[in-house]
Amino acid sequence: MSNDLNDVAGLPDELGIGDDLARAEQRVSITVDTRRYGKAMTVVSGFDDSTDLDGLASTLKSRLAVGGTVTDGRIELQGDHGGRLPDVLREEGFRVDG
């Protein structure tokens, strides 16, 4: 067993608990914008720099069966997912405002 301790959890890095705690400390917000031609776009913002946005965006797109992208430190998903998205983000370990 390694003696490398995680800065966040104070436990060995190999347990992977630090990533879970870092996610739980983040507060993300969800907004629904209207884009070109009146199309809805759900925007998730408020992530720390340590968050793997590409991986999280891929997970969200798969779980919600939608398209989307990562732009300027936020995740944009096609359509209005304000009802389902908070539950999915909580399952992934994030705290959601609103």
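Bear in mind the structure is a predicted one, so any value in this text is a computation, not a measurement.

**Student:** Report on the pairing of strand 4 (residues 74–78), specifying residues and quantitative values.
**Tutor:** Alignment of strand 2 (residues 40–45) against strand 4, held across three bridges, turns out to be antiparallel. By the bridge assignment, Thr-42 is partnered in strand 4 with Leu-77. Here four bridges tie strand 3 (residues 68–71) to strand 4, and the two strands are oriented antiparallel to one another. In the sheet register, Thr-69 faces strand 4, and the bridge partner there is Glu-76. Hairpin connection, strand 3 to strand 4: the antiparallel pair is bridged by two residues, and Asp-72 has positive phi, about 50°.

**Student:** Outline the packing of aromatic side chains, listing residues and values.
**Tutor:** On inspection of all chains with the given rule, the structure shows one aromatic pair. Ring geometry for Phe-47 against Phe-94: centres 5.6 Å apart, planes inclined by 85°, an arrangement best described as edge-to-face. Of the two residues, Phe-47 sits in the loop between strand 2 and helix 2 (53–64) while Phe-94 sits in the loop between helix 3 (85–91) and strand 5 (95–97), which places them 47 residues apart along the sequence. Pair check on accessibility: Phe-47 and Phe-94 agree, each one buried.

**Student:** Requested: an account of the pattern of salt bridges, with residues and values cited.
**Tutor:** As enumerated under the stated definition, the model contains six salt bridges in all. Across the salt bridge formed by Arg-35 and Glu-76, the nearest N and O atoms sit 3.6 Å from each other. Here Glu-76 lies in strand 4 and Arg-35 lies in the loop between strand 1 (27–34) and strand 2, a separation of 41 residues in the sequence. In this structure, Arg-90 engages Asp-87 in a salt bridge whose closest nitrogen and oxygen atoms are separated by 3.5 Å. Residue Arg-90 and its partner Asp-87 are both found in helix 3; the two are separated by three residues, about one turn of the helix. On the basis of relative accessible area, Arg-90 is assigned to the partly exposed category, the value being 43%. Salt bridges sharing partners connect three or more residues here, namely Asp-33, Arg-35, Arg-74 and Glu-76.

**Student:** Go over the sheet that holds strand 5, please, and point to the residues and values.
**Tutor:** Paired through their backbone hydrogen bonds, the strands of a sheet run either parallel or antiparallel. With mixed pairing, the five strands of this open sheet are ordered in space as 3-4-2-1-5. Two strands close off the open sheet at either side, each with one partner strand: strand 3 and strand 5. With direction set aside, neighbouring strand axes in the sheet form an average angle of 25°. Pairing geometry for strand 1 and strand 2, over six bridges, is antiparallel. Among the inter-strand pairings, Val-32 is bridged to a residue of strand 2, identified as Thr-42. Together, strand 3 and strand 4 form the strand contacts of helix 2, whose direction differs from that of strand 4 by roughly 20°.

Criteria and thresholds
Residues numbered from 1 in each chain as written. Predicted model: local features only at pLDDT ≥ 70, side-chain atom pairs only at ≥ 80, totals over all residues. Heavy atoms only, no water. Pairing = 2+ DSSP bridges. Helix = DSSP H or I, 4+ residues; strand = E, 2+ residues; numbered from the N terminus. Phe/Tyr/Trp six-rings, centres within 6.5 Å; stacked < 30°, edge-to-face > 60°. Buried < 20%, exposed > 50% of the residue type's maximum accessible area, 1.4 Å probe, protein only. Salt bridge = Lys/Arg side-chain N within 4 Å of Asp/Glu carboxyl O. Axes fitted to C-alpha atoms, helices over the stretch in contact; angles between N-to-C directions. Contact = heavy atoms within 4.5 Å.

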